[in-house]
Amino acid sequence: MDKNQATGLILFAAVILVYSLFFASGPEPITEPQTDAATQVQSKSSDEEDVEQFGEGAQSDSLKNLSDQRKYGNFSSLVRGEERLFTLENEDLKVTVSSKGGEIQTVEVKGFKTYDQQDLILFDQEFGELEYEINAREGKIGLNDLYFEGSQSVSGSDEDRVHQLVFTANVGSGSLKRSYRLPAAGYQLSHALETSGLDALVSDEIVTVNWKTDLPVLEEDMLESRRKTYMNFYTVGEDYDYLTTGDSEDAQQIGEPLKWVAFKQRFFTAGIIANQQFLEGNLAQETPLDASAVKRMYATLRMPVNEEVSYYFGPNNYKILKQVTPEFDKNVDMGYVFVSWVNKYIIVNLFHWLENFFDNYGVIIILIVFIIKLFLLPLTYKSYIGMAKMRVIKPEIDELKEKYGDDQTKMQQEQMKLFGQLGVSPISGCLPMVLQMPFLLAMFFFFPNSIELRQESFLWAHDLSTYDSIVNLPFTIPFYGSHVSLFTLLMTLSQIAYTHFNNQLTTAQGPMKNIGYIMPVVFMFVLNSFPAALSFYYFVSNMVTFGQQALIKQFVDDSKIRQKVEESKAKNANKKKSKFQQRIEQAMKAAESKKAEPAKKKGRQK
């Protein structure tokens, strides 16, 4: 260090010394920060927060564990877990199952859409509940509160492939197992609940199935949907029955073993079928006041724990339902006994046979009409000949009316005698028509319940399974509706035209002649809200029948019929009355004598 540097450092130190002695201020007092409650909480160390939070959580868990222990007993270890969703899917169904409860959550029927083109969900836990309950020592325990471990597998070849889903819950030394099996195709899902080593934990070997659901709105016509929606059931004793088909509430306690229960809608059914039997069941249904659901249904069924069941979630297709289980095809209403035979053995097979060649259902309906009319042509011909015979003998009948007009009994006796002489039967024209009635009535049940026609369009009808509307009215006409069905109008006009043509061929007079014009108008009101397929079938049927009558008329000569009648008259001139005629005459005389008795008594009293 040189001299100049030393001098500078000494001067710099002197300046600092002078400044510190005369100019520097004293030390400032230390003030403690003001703290409120919030600041005090924030000033706590993170370690203290962790300790308090841990204490509260431990206390809450302790209370929860105690509550679970009281409610579920040995099963309390299963009430906590993480829910996982599993999917079982084949060509026709998509089923979602939850590990919580091992229960079905949703069922989608593939290949179909709702009326507004949404996925067709036939069951959803969001709008219902499907739960199994077991009888533990502590009371009833719903399996939907328990968590299971799930595993999926696939077995079999491509054609026989089976999707399997197994849920297992271990309880002490025992276990609960729920397994589902879904084949490669079809609408049936099998399910089995098995217990092992739980004898000390359960009070009996009975499981209760609680199934309640709001049936979803799948079709556009709510009124028709509710009319065709009701609960069906079948007992082990082969007794089929159902709850009311109306809108009123209905409930029934079934004290005998059941084979199956079905929530039947118009075109789809959700059902549960026992492999052996349900011990008993309580069934109920009601109609909501709003349009949120078609109907609300409840079923409580009791069965042995290890009983296997199968679910059916699918369409009301007669041929499919017939393969499910005995009498399950009852979920398709085929009509009364004599009508159902026509539908089951003729119409259904004919309809599906035509489906192999045509995909337009309007064309299929037309072909069904032609095939049935061709099959019934001999009866139609015989009916026409019977009416022609009555027509040619009308002069003789008119003579009897003039001669015995005031004496109805004598008139009828002589008329029967005349029919016997001429070889004419008064019912010969009506009987063939009566034999055709089962086919007409069969269609009244077949078309409204045919799922094949659902959402199938033809001409102006956007859906043959519901009514066709060409005009929507701003008001409602009683017994008619608030719309105008063109197919129903065409059916009515064709029936009136046919009646007019038919009246020219018969001897009907007075009310019997006019009733043919009244009935079509009545049916116009009745069928206006029925499916378009039904009205279209009746319209085509009327037109074909009209054509048949016109064609037969060209080949039938009234003069030849008259000649045959005269030949019968000569042949039967001395013929004795048959026993049938004698009985009819005796019955007429007895009826006439009974009518005359009151008049005789009055005369005696006077």
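Now for a quick tour of the structure. Numbering of residues begins from 1 in every chain and follows the order in which that chain's sequence is written. The predicted nature of this model means local features are confined to residues of pLDDT at least 70 and side-chain atom pairs, given and counted, to a pLDDT of 80 or more, with totals for whole chains, interfaces and linings taken over all residues. Excluding hydrogens and water, the side-chain figures rest on all heavy atoms present in the structure.

### Quick look at the layout of surface pockets
No. 1: Lining residues are defined by having an atom within 4 Å of a point belonging to a cavity or pocket. Those points lie on a 1 Å grid over the protein atoms alone, cavities being sets where a 1.4 Å probe fits but cannot get out and pockets being open sets with protein on both sides within 12 Å along at least five of seven lines. Grid points are joined across faces, edges and corners, and a volume is the space filled by probe spheres set on the points. By volume, the second largest pocket amounts to about 630 Å³.
No. 2: Along its surface, the second largest pocket is lined by 24 residues, and Asp333, Met334, Gly335, Tyr336 and Phe445 are the ones closest to its centre.
No. 3: Segments assigned H or I by DSSP are reported as helices when at least four residues long, segments assigned E as strands when at least two residues long, and all are numbered from the N terminus. Going through the elements one at a time, β13 (240-242), α6 (337-355) and α11 (431-446) are the ones with two or more residues in the lining of the second largest pocket.
No. 4: Here the lining of the second largest pocket gets 4 residues from one element, more than from any other, and that element is α6.

### Looking at a nonpolar patch on the surface
No. 1: Patch definition: residues above 30% relative accessible area lacking any salt bridge, with like charges linked at up to 9 Å and the nonpolar side chains Val, Leu, Ile, Met, Phe, Trp and Tyr linked at up to 5 Å. The protein chains shown are the only cover counted for residues, whose accessible areas, like all others here, come from Shrake-Rupley with a 1.4 Å probe. Salt bridges are defined by distance alone: a side-chain nitrogen of Lys or Arg within 4 Å of a carboxyl oxygen of Asp or Glu. Together, Ile515, Ile518, Met519, Val522, Phe523 and Val526 give the surface a local cluster of nonpolar side chains, amounting to about 480 Å² of exposed area.
No. 2: For Val526, the position within the fold is in helix α13 (residues 511-527).
No. 3: Note on classification: 1.4 Å probe, protein chains only; a residue is buried when its accessible area is under 20% of the maximum for its type, exposed when over 50%, partly exposed between these limits. By relative accessible area, Val526 is classed as partly exposed at 40%.

### A word on the packing of helix α8 (residues 377-392) against helix α14 (residues 532-555)
No. 1: Axis lines are fitted to C-alpha atoms, over the contacting stretch for helices. Their N-to-C directions set the angle, which ranges from 0 to 180 degrees. One way to put it is that α8 packs onto α14 with a least axis distance of 10 Å and a crossing angle of 60 degrees. With respect to each other, α8 and α14 are oriented oblique. Between α8 and α14 the crossing geometry is right-handed. Residues Leu377, Thr380, Tyr381, Tyr384 and Met387 of α8 pack against Gln548, Gln549, Ile552 and Lys553 of α14.
No. 2: Each residue gets one of three labels, nonpolar for Ala, Val, Leu, Ile, Met, Phe, Trp, Tyr, Cys and Pro, charged for Asp, Glu, Lys and Arg, and polar for the others, Gly among them. Taken together, the residues of the contact of α8 with α14 sort by class into 5 nonpolar, 3 polar and 1 charged. To sort the angles, those under 35 degrees are grouped as roughly parallel, those over 145 as roughly antiparallel, those from 65 to 115 as roughly perpendicular, and the leftovers as oblique. By convention the crossing between two helices is left-handed if the near helix lies anticlockwise of the far one by an angle smaller than a right angle, and right-handed if it lies clockwise. Throughout, a contact is declared for two residues whenever any of their heavy atoms are within 4.5 Å.

### So, the sheet that holds strand β17 (residues 280-286)
No. 1: A pair of strands is labelled paired if DSSP reports no fewer than 2 bridges between them. If you walk across this open sheet you meet the 6 strands as β6-β5-β11-β18-β17-β14, and the pairing is antiparallel. Each having just a single partner strand, β6 (139-142) and β14 (250-254) make up the two edges of the open sheet. Direction aside, neighbouring strands of the sheet carry axes that sit 15 degrees apart on average.
No. 2: Pairing of strand β5 (residues 128-136) with β6, which is carried by 4 bridges, proceeds in the antiparallel orientation. In the sheet register, Glu133 faces β6, and the bridge partner there is Gly142.

### Some thoughts on the pattern of salt bridges
No. 1: Applying the stated criterion to the full structure yields 11 salt bridges.
No. 2: Here Glu224 makes a salt bridge to Arg227, at a shortest N to O gap of 2.8 Å. You can see Glu224 and its partner Arg227 sitting in helix α4 (residues 222-227), 3 residues apart, about one turn around the helix.
No. 3: Take Glu224: its relative accessible area is 7%, and that puts it in the buried class.
No. 4: Members of the salt-bridge network, linked through shared partners, are Asp214, Glu286 and Arg296.

### Considering the sheet that holds strand β8 (residues 162-171)
No. 1: Strand order in this open sheet of 9 strands is β7-β8-β9-β10-β19-β16-β15-β12-β13, and the pairing throughout is antiparallel. At either margin of the open sheet sits one strand with a lone partner, and together these are β7 (149-155) and β13. Along the sheet, successive strands turn relative to each other by an average axial angle of 15 degrees, direction set aside.
No. 2: Here strand β12 (residues 230-235) pairs with strand β15 (residues 258-264) via 6 bridges, running antiparallel. If you follow Thr235 over to β15, its bridge partner there is Leu258.

### Overview of empty space enclosed by the protein
No. 1: In total, this model carries 3 cavities of 30 Å³ or more according to the counting rule given.
No. 2: The space that makes up the largest cavity amounts to roughly 100 Å³.
No. 3: Tyr318, Met334, Phe446, Ser450 and Glu452 are, among the 14 residues lining the largest cavity, the residues nearest its centre.
No. 4: Among the secondary structure elements, those contributing two or more residues to the lining of the largest cavity are α6 and α11.
No. 5: For the lining of the largest cavity, the residue count by class is 7 nonpolar, 5 polar and 2 charged.
No. 6: Put simply, the second largest cavity is a space of about 40 Å³.
No. 7: Taken together, Pro216, Leu218, Glu219, Ser225, Thr229, Gln265, Arg266, Phe267, Phe268 and Val294 make up the full set of residues lining the second largest cavity.

### Focus on the pairing of β7
No. 1: Taken together, the 7 bridges between β7 and β8 define a ladder with antiparallel strand orientation. Looking across to β8, one finds that Val154 is bridged to His163.
No. 2: If you look at the hairpin formed by β7 and β8, you'll find 6 residues sitting between the two strands, and Gly156 has a positive phi there, around 90 degrees.

### Considering the pairing of strand β11 (residues 202-214)
No. 1: Alignment of β5 against β11, held across 8 bridges, turns out to be antiparallel. Each residue of the ladder has a partner; that of Tyr132, found in β11, is Val209.
No. 2: When β11 meets strand β18 (residues 296-304), the two strands line up antiparallel, connected through 9 bridges. Paired with Thr208 across the two strands is Arg302, which belongs to β18.

### Thoughts on the packing of α6 against helix α7 (residues 361-375)
No. 1: The contact between α6 and α7 brings their axes to 10 Å, and the two run at 130 degrees. One way to sum up the angle between α6 and α7 is to call them oblique. Of the two elements, α6 crosses α7, and the hand of that crossing is right-handed. Residue-level inspection shows Ile347, Leu350, Phe351, Leu354 and Glu355 of α6 in contact with α7, the latter providing Tyr361, Ile364, Leu367, Ile368, Ile371 and Ile372.
No. 2: By residue class, the composition of the contact of α6 with α7 is 10 nonpolar, no polar and 1 charged.

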